[in-house]
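# Remarks on the overall topology
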Amino acid sequence: MKSLEELKAIRERMQNKVILREGSAEKRIVVGMATCGIAAGARPVLNTFVEEIANRGLTGKVEVGQTGCIGMCRYEPIVEVFEGDQRVTYIFVDPAKAKEIVEKHIVGGQPIVEYTIGAAQK
Amino acid sequence: MKELSLNILDIAQNSIHAEASFVQILLTETDESLKLEIRDDGRGMSEEFLSRVTDPFSTTRTTRKVGLGLPLLKLAAEQTGGYMQITSRERALYPDTHGTEVTAFFYKNHLDFTPLGDVISTVVSLVQGSPEVDFLFMHEMPDRTVEIDTRMLREVLGDDVPLSDPEVLMWIRGSMTEQYGGGE
């Protein structure tokens with residue numbers, strides 16, 4: 001079994017980073033995880049965001065959260081990216097799009113307009 | 001749902017919405033059958049609500065947090081010849097023992113059995129979304145048992161590290177993968 005020593009090591013590494021982690025996140029990614037989202041494929045999308053944020057060393061700067069049904073079930077999986085008072089809503093997100101959103105929007109600062117709900121409703 | 005593990009994720013979210021502090025996900029598997037139990041210490045449901053909780057059409061907006069999840073699990077169990085049952089004790093009437101238990105029984109060899117799928121991702125997603133809640137996941141199979149108990153992780157990690165930390169989530173994923181017999 002994976003050792004508890006590894007967990008203890010994680011704790012020790014984290015203790016040195018506590019101050020950095022307490023600053024409020026600059027961006028927040030929220031994945032819809034109600035029945036509709038889960039059935040449409042939200043789980044691998046969520047886990048892709050969690051892994052991408054960790055792998056890029058953005059933990060603490062970017063939060064990944066979950067929310068319930070926001071009433072647009074036909075567009076699930078839905079992902080919202082919050083930055084300041086700006087909100088971008090992405091629809092029909094899959095793991096590949098999630099990676100692209102991290103690269104272009106979260107890291108690059110440019111929302112991917114063609115994946116947003118605004119583009120779909122035109 | 002394409003995998004039972006997605007139903008599990010969905011039903012366990014009900015427990016979290018019901019303000020549970022401890023959620024148990026127990027799987028007991030034989031060659032022929034799979035029993036799923038999800039137990040929580042949340043606020044529970046009234047008898048009246050319990051009686052109509054699996055009817056998707058009686059769900060009202062104020063109770064929408066239950067929604068389609070239970071009917072979908074019931075369908076998944078019954079289409080294999082199995083069953084689903086729910087017991088619940090409301091907090092108002094049972095201040096010390098309140099909570100809900102959902103049990104679903106599946107016949108694995110039935111044509112309409114939905115495979116369990118990626119339960120590891122389900123556990124990781126639950127912990128990621130609700131790091132303040134404790135989860136016990138136990139999957140008993142004929143040849144092995146896989147277990148994750150976040151109470152134990154919390155003891156080792158102390159108050160410094162939230163369970164939703166990516167390194168902790170990776171540890172959980174790694175530990176479960178190892179226990180299921182997967183390679184590193």
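Residues numbered from 1 in each chain as written. Chains lettered and ligands numbered in written order. Predicted model: local features only at pLDDT ≥ 70, side-chain atom pairs only at ≥ 80, totals over all residues.

Before going further, it helps to spend a moment on the overall build of chain A. Scanning chain A from terminus to terminus reveals six helices and four strands. The order of α-helices and β-strands along chain A, N terminus first, is α-α-β-α-α-β-β-β-α-α. Taking the principal axes of the C-alpha coordinates as reference, chain A spans close to 50 × 30 × 20 Å. For chain A, the proportion of contacts with a sequence separation of at least 24, taken over those separated by at least 6, is 66%. (Helix = DSSP H or I, 4+ residues; strand = E, 2+ residues; numbered from the N terminus. Contact = placed C-beta atoms within 7 Å.)

This brings us to the interface of chain A and chain B. On the side of chain B, 29 residues touch chain A, which itself brings 22 residues to the contact. When residues of the side of chain A that touches chain B are traced back to their parent elements, those giving at least two are α1 (4–15), α3 (35–40) and α4 (42–55) of chain A. With eight residues, the single largest contributor to the side of chain A that touches chain B is α1(A).

Attention now moves to the pairing of strand β1 (residues 27–32) of chain A. Residues and elements named next belong to chain A. Sheet analysis places β1 next to strand β2 (residues 62–67), joined by six bridges and oriented parallel. Bridge pairing in β2 places Lys 27 opposite Val 62. Bridge count for β1 against strand β3 (residues 79–83) is five bridges, and the pairing is antiparallel. Paired with Val 31 across the strands is Val 79, a residue of β3. (Pairing = 2+ DSSP bridges.)

Residues and elements named next belong to chain B. The pairing of strand β1 (residues 22–29) with strand β5 (residues 134–140) spans seven bridges and is parallel. Within the sheet, the bridge partner assigned to Leu 26 lies in β5 and is Met 138. Where β5 and strand β6 (residues 145–149) come together, five bridges link them in antiparallel fashion. Bridged to Met 138 within β6 is Glu 147. Counted between consecutive antiparallel strands, the loop separating β5 from β6 contains four residues.

On to the confidence of the model for chain A, then. Within chain A, residue pLDDT values average 89, and 92% of them lie at 70 or more. Element-level mean pLDDT values for chain A span from 50 in helix α2 (residues 18–22) of chain A up to 97 in helix α5 (residues 95–107) of chain A. (pLDDT = per-residue confidence, 0-100.)

Residue and element names in this part refer to chain B. Contact pair helix α4 (residues 119–129) / helix α6 (residues 166–179): the axes reach a minimum separation of 10 Å and the direction vectors enclose 155°. Regarding the angle of α4 to α6, the classification is roughly antiparallel. Here α4 and α6 pass one another in a crossing that is right-handed. Residue-level inspection shows Ile 120, Val 123, Val 124, Val 127 and Gln 128 of α4 in contact with α6, the latter providing Leu 169, Ile 172, Arg 173, Met 176 and Thr 177. (Axes fitted to C-alpha atoms, helices over the stretch in contact; angles between N-to-C directions. Parallel < 35°, antiparallel > 145°, perpendicular 65-115°, else oblique. Left-handed = near helix turned anticlockwise from the far one by under 90°.)

We now examine the packing of α1(A) against helix α5 (residues 150–157) of chain B. Packing of α1(A) against α5(B) leaves a shortest axis separation of 9 Å and a crossing angle of 50°. Classified by the angle their axes make, α1(A) and α5(B) are oblique. As α1(A) runs across α5(B), the sense of the crossing is right-handed. Listed contacts from α5(B) to A:Leu4, A:Leu7, A:Lys8 and A:Arg11 of α1(A) are B:Leu153, B:Val156 and B:Leu157. Along the lines of polarity and charge, the residues of the contact of α1(A) with α5(B) split into five nonpolar, no polar and two charged. (Nonpolar A, V, L, I, M, F, W, Y, C, P; charged D, E, K, R; others polar.)

The next thing to look at is the sheet that holds β1(A). In sheet architecture, strand pairing relies on hydrogen bonds along the backbone and comes in two forms, parallel and antiparallel. Residues and elements named next belong to chain A. Read from one edge to the other, the open sheet built from four strands follows the order β2-β1-β3-β4, with strand pairing classed as mixed. Single-partner strands in this sheet number two, and they are β2 and β4 (86–90). Strand-to-strand twist across the sheet, computed as the mean angle between neighbouring axes with direction ignored, equals 20°. Most of the contacts of α4 go to β1, to which it runs at about 160°, and overall it touches β1, β2 and β3.

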